[in-house]
Amino acid sequence: MKKVWERIAGSALLPFLSFLLAFFISGFFIAFSDANVLKTVGHPGKFITTALSTVGNAYLALFQGSIFDPNLTAGHGFMRGFYPLSETIVTATPLILTGLAVALAFQSGLFNIGAQGQFIFGAIGASYVGFHFTFSPVLHVALALIAGVVCAALYGGLVGLLKARTGAHEVIVTIMLNYIAGFFILWILKTTTFLRPRRIDPIAPDVKPSAQLPHLAGADFRLHAGILIALVAAYFVWWILNRTTIGFQFRAVGANASAARTAGISVSRVTISTMALCGALAGLGGAVHVLGSQYALTADIGGSFGFDAITVALLGRAKPFGTVLAALLFGALRTGGRTMQSNTTTPLDIVLVIQALIVLFIASPTLVRFIFKVKNLKTNAAMTAKGWNG
Amino acid sequence: MKKTLKYLSVVAAVALVTGVAVAPASQAAKIKACVVLDTGGVDDHSFNAGAWAGAQSTSAIADVSYLPSSSAADFAPNIKKFIDQKCNVIIGVGFSISGEIVKAGKANPTIKFAVVDDGAMDCNADYSVCNAVANVKGLTFSTDQAAFQAGYLAAGYSKTGTVATYGGAPYPTVTIFMDGFAKGVAYYNKAKKKNVKVLGWDPAKKTGTFVGDFSNTSKASQLSQGFEQQGADVIMPVAGGLGASTAKQSQQSGKSVTVWVDTDGFYSAPQYGSVLLTTVAKGLGAAVKSVITDVKKGTFTGAPYVGTLANGGVSISPLHDFASKVPSRLQLEVKMIGRQIASGTLKI
């Protein structure tokens, strides 16, 4: 039992220390970008207290905006204080799924930059089935989800096919397919099939109520069943990787493609099925985003879910449950950043600095090891770098 | 390691303690005015910047704050955040936020809302029936009136007989500029029996040239260059911050001049002042300011506001550097047209 804990602690140490360092350094950014702090530069004592209170207020707001805000409980009961946490989960849900799409590819030695495009195709598929057809509630949700997953799986599988058949590098192909998806959604939202009646700006009709994912905590919260789907998906990815033959083949190809080929594993079949599965996961993210919180397809539906997914997967060390935690962290930062900006004078953009610093430190374990004088810091740099070599 | 950790924990502890202790003091006299921006950011030198500047100008009577939106998914949570913060008035910038603002307005009748660039009506699913909401004010602008003047000016100024316009995306708030511009050129042609061509917008078919978004600077430069190659020597980009790409192209090639939009570019983008013929200005800031002052005075109503040449909500900016380069007769005609539109004698 002790061994398990040691293992968890060992693999969580680097992300945790990176996290700590990122917050520490961002503190300086917050302090030195604040007008009130800069005014006191001449008086060291006053400067330090102002700087500390500014940074403290910012991080307090970040916490209140992402986990629990006591100000919200007045008149609504204690549970209402957790509204920010529910928002964190809503934001994290699509990120978990796109993060898994990148993490799974890492495990198989592939670098999936295309989660963005796959996400968009998932959203398009789910939206179309959601607003165009009428079914009974449970069936409608299921069919809309399936439509999104299938669209995106085909889109992702295409990358695998191109790589397996022609040797086209998946990084290039997925980047290009992101552009195609981005412009495809712009075009499709101009067609009469998708464009909302009496509107000329790119927006599709809302999905019908029967296709919307049910809310989990009443109408006051946006928390929807998507998080359950995302958690099941994370478990599914773990199960595939660790308990099935195909998952073993994924990992074998990821560890050493040539050795896997010698051992009789069809690398091209693994490449195609990995990419299709990654596409399916990212597409599920898009579908959940549309059916759970947005309801209407817009041209910017993809946001930056596909790109943040790469960071999330890196932070989660390409492990399913690590990815879930990393996505929750990113969801918390994004949601909390909103409160930080509106409660204090600290701009929302600081959140991007924090995110970037976390990645920077994760990617340079030697630096973290040096700063904290830690030995035996486990890294998986080899795994995450492999995608580039193809 | 121990030492570093110790430092870190001390800093963190002090930060938390002082952070909790120094809570912001509330000012009872001021109202709380909150602005949810559209995508594009507060520094777009154009649309968001104009609305935010208007809000900031009320800082004597209101505590103003804003939240940026990185995509449409941010609209609802941003509005919700401001509702939880007990803002007295919440202003949404951009018509794409309108639906969410109206929804929030109906759910929170005690809070005042406004939307810049949309009528903010409560419509049913297929937009066949729309009703006004008492606590939600729509702020719209008849920018085609001022753009009409700019089109006339451009046609008169053009030496090649070709002018051009393009938009960021085919939104109604964008095409209304292009429409007015093209009609102004047509009016010039009719009055002077000339044949100045307009590239980039066909007012009859309602089709034209668009970047696709409001952030792709390389595409905007490409379009501007293309227009120059087709002989256009006046270009009006209606694409927020992308206008800078066209102005830069004008500056580098010397083959064209740029008509700016939204806020007088001579002041908001002074580095391009030398190539800005004029600006089709939209009084976003003034409209936002009037909403906040009305809420403070208690005179706010949900009645829609429409900015026109007559009420000063839209206007054509002074020619600045071009005052000496544009024939005074043409300048006079442009002014006359403005007066005629304002008084209603000239229908666009």
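The structure presented is a predicted model; accordingly, all values stated were derived computationally and were not measured.

About the thresholds
- Residues numbered from 1 in each chain as written.
- Chains lettered and ligands numbered in written order.
- Predicted model: local features only at pLDDT ≥ 70, side-chain atom pairs only at ≥ 80, totals over all residues.
- Heavy atoms only, no water.
- Helix = DSSP H or I, 4+ residues; strand = E, 2+ residues; numbered from the N terminus.
- Rg over C-alpha atoms; globule rule 2.2 N^0.38 Å.
- Buried < 20%, exposed > 50% of the residue type's maximum accessible area, 1.4 Å probe, protein only.
- Contact = heavy atoms within 4.5 Å.
- Buried area = accessible area lost by both parts, 1.4 Å probe.
- Salt bridge = Lys/Arg side-chain N within 4 Å of Asp/Glu carboxyl O.
- Polar contact = N/O pair within 3.5 Å; in protein donor to acceptor, adjacent residues only side chain to side chain.
- Pairing = 2+ DSSP bridges.
- Right-handed = clockwise from strand over helix to strand, strands pointing away.
- Axes fitted to C-alpha atoms, helices over the stretch in contact; angles between N-to-C directions.

A.B. asks: Quick rundown of the overall build of chain B? Include the residues and the values.
C.D. replies: Secondary structure summary: chain B contains 11 helices and 16 strands in total. The C-alpha radius of gyration of chain B comes to 23 Å, within 12% of the 20 Å expected for a compact globule of 348 residues. If one aligns the C-alpha atoms of chain B with their principal axes, the spans along those axes are about 75 × 55 × 40 Å. Taken across its 348 residues, chain B has 52% of its residues classed as buried.

A.B. asks: Which residues make up the environment of proline 203 of chain B, and what values do they have?
C.D. replies: Its location among the elements puts proline 203 of chain B in the loop between β10 (201-202) and β11 (207-208). Discounting residues that sit within four places of it in the chain, proline 203 of chain B has contacts with Asp179, Ala182 and Lys183 of chain B.

A.B. asks: Break down the interface of chain B and chain A for me, with residues and values.
C.D. replies: Listed per partner, the contact involves 35 residues of chain B and 36 residues of chain A. Buried surface at the junction of chain B and chain A, both sides included, amounts to about 3,200 Å², of which 63% is carbon and sulfur. At the boundary of chain B with chain A, the tally comes to one salt bridge. Between aspartate 74 of chain B and arginine 338 of chain A there is a salt bridge whose closest N-O contact spans 3.0 Å. Between chain B and chain A we count seven residue pairs in polar contact (both at pLDDT 80 or more) in total. When contributions to the side of chain B that touches chain A are tallied by element, the ones reaching two or more residues are α1 (2-21), β2 (62-67) and α3 (75-84) of chain B.

A.B. asks: So what about the pairing of strand β4 (residues 112-116) of chain B? Which residues, and what values?
C.D. replies: Residue and element names in this part refer to chain B. With four of its five residues buried, β4 lies for the most part within the structure. The pairing of strand β3 (residues 89-93) with β4 spans five bridges and is classified as parallel. Across the sheet, residue valine 89 finds its bridge partner in β4, namely lysine 112. Note that the unit made of β3, helix α4 (residues 98-107) and β4 has a crossover that is right-handed. Bridge analysis of β4 against strand β7 (residues 136-141) gives four bridges, and the strand direction is parallel. By the bridge assignment for β7, valine 116 is matched with leucine 139.

A.B. asks: Run through the pattern of salt bridges, naming residues and quoting values.
C.D. replies: The full count for this structure, using the stated rule, is 15 salt bridges over all chains. A cluster of three or more residues bridged by salt bridges with shared partners is formed by Asp179, Lys183 and Lys206 of chain B.

A.B. asks: Please set out the sheet that holds β3 of chain B residue by residue, giving values where relevant.
C.D. replies: All names here are of chain B. Strand order in the open sheet formed by six strands is β2-β1-β3-β4-β7-β15, and the pairing between neighbours is parallel. In the strand order of this sheet, the two ends are held by β2 and β15 (305-307), each with one partner. Across the sheet, the axes of successive neighbouring strands diverge by a mean angle of 15°, strand direction being ignored. Where β7 and β15 come together, three bridges link them in parallel fashion. Paired with leucine 139 across the bridge in β15 is tyrosine 305.

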